[in-house]
Structure formats: C-alpha cells, structure tokens
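These are the residues of each chain, in order.
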Amino acid sequence: MTTALVTGATAGLGAAFARALAAERRDLILVARDGDRLAATAKELTEKYSVQVEILPADLASDDGCARVEARLADADRPVELLVNNAGIGLRSGFVENSIADEERMLALNVRAVMRLTHAAVRSMLPRGHGDVLNVSSVAGFGPTAPGSTYSATKAWVITFSESVHLTLKHRGVRVIALCPGFVRTEFHQRAEIPTADIPDALWLDADDVVRDALADLRRGRPTSVPSVRYKVLGGIVRYAPRPIFLRVIGRAAKAVGRGRQN
Ligand SMILES: NC(=O)c1ccc[n+]([C@@H]2O[C@H](COP(=O)([O-])OP(=O)(O)OC[C@H]3O[C@@H](n4cnc5c(N)ncnc54)[C@H](OP(=O)(O)O)[C@@H]3O)[C@@H](O)[C@H]2O)c1
C-alpha cells in the first residue's frame, strides 16, 4: 500500500481527498489543527476502507507546525508517495481593511506552507524516482480580483510555483499539479464569513467531483486541473483574455461596487 499525506483533511476538499484516496486503498496521514476532528475522521476512514490512518495535528501557518510535517515527509523509512497541499484560507475584507497579521497568516498558510512541504516531499521522492504533489490553488489564481484581498495573489503563486516545479521534475519521475477549482460547497466561505447568497447555484461544484477530476488529471501528467466544463470555459477566459481588456473589465466592476458601497 502506498501512503498519501493530505493537509486540511477534516473538511471540504481535504476530507474529499482523504475519502477518495482511502477508497483507492492508500494509507493516509491527515493534517489539520483540530486534533479531535482529525481523530474522528481517521476512525471513520479506517472503519470504512480498512486503511491505516495516521493523524498529525499541526498549524501550518506556524514554523513549528510546518517543521513537524516536513519531518514526517522526510522520513525515508516511511515514504510518502503523494502529498496533497490543500489547507488554505480566504479573507472576507479587502487588502487595506484587513489587519497585516491576517494577511501574513493567509500568506503563511496558502504560500509558505505549500513551498516548505513541497520542498520536503520532492527531496525525499527524487532519490526513489517517483512521487506526486497536488497543490490546491483556485480559478481565482488566474487573475486579479477587485475589490478583493490578496487571496487571488496567493493562488497565482501556487499555480506558477507548481508549473515551474512540474517542468523541472517531470523527467525525473516526480509529478506536480495545481488544482484550480471554482466555488466548491465546503466550510471555506463560512469560516471567512464571506457571503455566498448572491452566488448562482450553477457556479457551485461538489467536492467529490472536483477531487475525482483532479486525481484523473494528476494521473494524466497534466500541470493544472480545472474541474468542470463551466470553469474550463470561465477560467480559460480569465486566464487567456488579453490582460489590458481583462483589467479594464475588473476595474469597472470594482468601481461599480465601490459606488454601491458609498450609496
Ligand atoms: N471552497 C471553495 O470554493 C474553494 C475554491 C477554490 C479553491 N479552494 C481552496 O481549497 C482548499 C481547501 O479549502 P476548503 O474549501 O475545503 O476549506 P474548508 O472546508 O474550510 O477546510 C479547510 C481545512 O483546512 C484546515 N486548516 C485551516 N487552517 C489551517 C492551518 N492553519 N493549518 C492546518 N490546517 C488548516 C481545516 O482544519 P482545522 O480548522 O482543524 O485546521 C480544514 O480541514 C483551500 O486551499 C482553498 O483556498 C476552495
């Protein structure tokens, strides 16, 4: 049996990854902050899929939390064949309104932890000649948002970083992919207190569907995965539209929202 390590494995997309990988009969290492919830998730997966599940409580926005997960990834006697860097947060308010502490916490989790864990994982995969890393980004990473926080910038970093490492390592047996979903029904928006009432039903994706598409794209050796036809089209427009036109459209929308706030 091979082993996969999933961060943010107790809710939303991370829990869906844990279920899908357990169903493939992979042993698991689950990472999140809430130890009780991790233990409950591990028990459920062990009972349902008869796989071994280790739990590793860690705050990945902290140095110490990253260091503990890095140490587990570097353990050559207990190899990890797949790392899913999934844990991430958003912020409700815009860059200027947010405290710099909140901005730094988001950067630490969405960017620094992804870099540190990928570094530890690929260094131990390369001597074995194989291994996979799946980094969860977002369609928000395809372009700027306004008004918005720096969330989209953290996700743009994940895409460019993953594509770079993918190109560097694909000939050495290690695959790296960035997953770029649209809106997914999880705890993400509720945790950040981001209102969702105005988001049309047609734009919501199911976490299990997103994970199924992402794992299929990883196996195909693709550098990015954009689940669902809807978001392949929408994401493609945002990603490949000429930047000056795109910036003008986003700028107008931001101005309209700003006027609405003043009224
Ligand atoms: N939902 C969407 O619409 C959407 C769209 C595009 C991309 N994404 C991305 O998908 C990923 C997963 O999000 P989700 O929607 O599944 O969110 P979610 O339902 O809120 O789950 C977040 C998970 O991350 C863990 N986590 C949060 N902060 C952590 C920290 N500091 N250290 C370690 N673990 C932490 C949480 O557990 P604890 O609280 O116990 O730590 C939980 O297991 C994120 O990277 C997000 O940016 C989400």
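Up top you'll find the structure we're talking about.
Residues numbered from 1 in each chain as written. Predicted model: local features only at pLDDT ≥ 70, side-chain atom pairs only at ≥ 80, totals over all residues. Heavy atoms only, no water.

**Here we look at the nonpolar core**
F17, L21, L28, L30, L45 and L134 are the most contacted members of the largest nonpolar core, which totals 39 residues. For this core, the secondary-structure elements that each account for two or more residues are β1 (3-7), α1 (12-23), β2 (27-32), α2 (35-49), β4 (82-85), β5 (131-136), β6 (174-179) and α7 (207-219). Residues A58, L73, L91 and L109 belong to the second largest nonpolar core, which totals 31 residues. (Core = buried A, V, L, I, M, F, W, Y, C linked by side-chain atoms within 4.5 Å. Buried < 20%, exposed > 50% of the residue type's maximum accessible area, 1.4 Å probe, protein only. Helix = DSSP H or I, 4+ residues; strand = E, 2+ residues; numbered from the N terminus.)

**A look at the sheet that holds strand β3 (residues 53-57)**
Spatial strand order, β3-β2-β1-β4-β5-β6-β7: seven strands in an open sheet with parallel pairing. On the outer flanks of this sheet lie β3 and β7 (224-225), each paired with one strand and no other. Bridging between β6 and β7 involves two bridges; their strand directions are parallel. Paired with L179 across the bridge in β7 is S225. Lying over the sheet, helix α4 (residues 100-125) contacts β1, β4, β5 and β6, oriented at roughly 175° with respect to β4. Contacts between helix α5 (residues 151-169) and the sheet are confined to β5, β6 and β7, with β6 contributing the most and set at about 160° to the helix. (Pairing = 2+ DSSP bridges. Contact = heavy atoms within 4.5 Å. Axes fitted to C-alpha atoms, helices over the stretch in contact; angles between N-to-C directions.)

**Points about the pattern of salt bridges**
This structure, assessed with the given rule, holds 21 salt bridges. The salt bridge partner of R68 is D64, with a shortest N-O separation of 3.5 Å. With R68 and D64 both in helix α3 (residues 63-73) and four residues apart, the pair spans about one turn of that helix. One salt bridge in this structure joins D217 and R222, with 2.9 Å as the shortest N-O distance. On the accessibility criterion, D217 (5% relative accessible area) is buried. Salt bridges linked by common partners bring E54, R72, D75 and R78 together as one network. (Salt bridge = Lys/Arg side-chain N within 4 Å of Asp/Glu carboxyl O.)

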